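These are the residues of each chain, in order.
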Amino acid sequence: MTVHFVGAGPGAADLLTLRAARLISEAGTVLYAGTYLDHEVLSHASPDARLIDTQHLDLDQITAHLVEAHERGEDVVRLCSGDPSVYSALTEQKARLNTAGVPWDVSPGVPAYAAAAAILGAELTIPEVAQSVVLTRTQARSTAMPDTESLAQFAASRATLVLHLAIRRTRELAAELVEHYGDDCPVAVVYRASQPEEVVLTGTLSDIADQVEQAGLTQAAVIVVGAALSAEAPRGSHLYDPARDRAGR
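Conventions we followed
Residues numbered from 1 in each chain as written. Predicted model: local features only at pLDDT ≥ 70, side-chain atom pairs only at ≥ 80, totals over all residues. Heavy atoms only, no water. UniProt positions renumbered as here; feature names shortened; annotations may be inferred. Core = buried A, V, L, I, M, F, W, Y, C linked by side-chain atoms within 4.5 Å. Buried < 20%, exposed > 50% of the residue type's maximum accessible area, 1.4 Å probe, protein only. Helix = DSSP H or I, 4+ residues; strand = E, 2+ residues; numbered from the N terminus. Arc of directions from axis to C-beta. Contact = heavy atoms within 4.5 Å. Domains from an automatic or database assignment. Buried area = accessible area lost by both parts, 1.4 Å probe. Salt bridge = Lys/Arg side-chain N within 4 Å of Asp/Glu carboxyl O. Polar contact = N/O pair within 3.5 Å; in protein donor to acceptor, adjacent residues only side chain to side chain. Axes fitted to C-alpha atoms, helices over the stretch in contact; angles between N-to-C directions. Parallel < 35°, antiparallel > 145°, perpendicular 65-115°, else oblique. Left-handed = near helix turned anticlockwise from the far one by under 90°. Nonpolar A, V, L, I, M, F, W, Y, C, P; charged D, E, K, R; others polar.

An unreviewed UniProt entry lists the chain under the name Precorrin-4 C11-methyltransferase, from Luteipulveratus mongoliensis. Taken from UniProt, the Sequence similarities (unreviewed entry) comment for the chain reads in full: "Belongs to the precorrin methyltransferase family." UniProt annotates the chain under Pathway (unreviewed entry) with the comment "Cofactor biosynthesis; adenosylcobalamin biosynthesis."

K.L.:
Help me understand the nonpolar core, please; the structure alone is not making it clear to me.
P.N.:
Across soluble globular proteins, you tend to see nonpolar side chains buried next to one another. In this structure, Leu177, Val189 and Val225 are the most contacted members of the largest nonpolar core, which totals 24 residues. Elements with a contribution of two residues or more to this core: α5 (151-155), β7 (160-164), α6 (170-181), β8 (186-191), α7 (208-215) and β10 (221-225). Of all hydrophobic cores here, the second largest spans 16 residues; its members include Val30, Ala45, Ala49 and Leu79.

K.L.:
Where do I start with α7 in this structure?
P.N.:
Residue pairs spaced three or four apart in an α-helix point in one direction, given the helix's 3.6 residues per turn. Of the positions making up α7, those classed as buried are Ile208, Ala209 and Val212. Projected onto a plane normal to the axis of α7, the buried residues spread over an arc of 100 degrees and lie on a single side. Buried residues along α7 sit in contact with α6, β8 and β9 (199-204). Count one or two residues on from α7 and you reach Gly216, which has phi positive near 70 degrees.

K.L.:
When you look at the domain arrangement of the chain in this model, what are you seeing that I'm missing?
P.N.:
It is common to report an interface's size as the accessible area lost on association of the parts. With domains assigned, the chain is organised as domain 1 (3-107) and domain 2 (112-229). Once you take the C-alpha centre of each, domain 1 and domain 2 turn out to be 28 Å apart. Counting from both sides, the interface comprises 10 residues of domain 1 and, opposite them, 14 residues of domain 2. Among the residues domain 1 hides against domain 2, the three largest losses belong to Pro10, Tyr36 and Tyr87. Together they make up 56% of the total. Counting every contact that joins domain 1 to domain 2 gives zero salt bridges. On inspection of domain 1 and its partner domain 2, the count reaches five residue pairs in polar contact (both at pLDDT 80 or more).

K.L.:
What is the right way to read the environment of Thr125 from this model?
P.N.:
Summarising the element assignment, Thr125 is placed in the loop between α4 (112-120) and β6 (133-137). Those residues in contact with Thr125 that lie beyond four places of it in its chain are Ala130, Gln131, Ser132 and Val133.

K.L.:
How should the side chain of Thr136 be read in this particular structure?
P.N.:
For Thr136, the position within the fold is in strand β6. With near-sequence residues (within four places) excluded, Thr136 lies in contact with Tyr87, Met145, Phe154, Leu161, Val162, Leu163 and His164.

K.L.:
Just to check I follow, could you spell out the packing of helix α2 (residues 59-71) against helix α3 (residues 90-100) for this structure?
P.N.:
Angle between the axes and distance between the axes are the two parameters that describe a pair of packed helices. Relative orientation of the contacting elements α2 and α3 amounts to 50 degrees, with a least axis distance of 10 Å. Classified by the angle their axes make, α2 and α3 are oblique. By crossing handedness, the relation of α2 to α3 is classed as right-handed. Along its contact with α2, which presents Leu59, Asp60, Ile62, Thr63, Leu66 and Val67, the element α3 presents Glu92, Gln93, Arg96, Leu97 and Ala100. Residue composition of the contact of α2 with α3, grouped by class: six nonpolar, two polar and three charged.

Encoded structure:
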């Protein structure tokens, strides 16, 4: 039997992959992060499946549930919000499973930033405006950031910036980013992207904190910063340029 780490996407039940829906339906036990997921995601589970909300559990308790289900001869799904490759504690959980001799695999999901961009109708990489997207977070009551990954260093590139786990510090972060992006730089905040409670705020670094505070947002939101949010491409992409040599190059 296997523990399947499954990307649950941004929350909407119809944004699961086909593989994710199948694995959930076949699992005897499903562990999920109730803080972030719409419960409609669990509609894919078997009526007989054990459903365990992990929002109040530590990793040792979560691992115990995974191991116990495996020992019962069940396939187990550990649902991760968004995609398991980002801020999922996958590395810590798989290390514990390796120690316990429990096999595991990983299925990707739609990441929160991609769902937010879709809601905004935004391409985050615009020719000659921004060709890089930085996915990062900030430090508050959390693990320290590496010394080489300060917000100022990322901001200096003026790439499209996506901030996770940062909504409580919007005002402080906006003030820090103004130096590099300017106070008129477009910003979007998307809360619970794709879920019934979804909230979308758009503005600039000068006013986004006021909007966040007025809306009372304190979790489950991503902040997107950068000129790509409002830019029109100054010239066509080289990929689709009629003059491009398409003979295998």
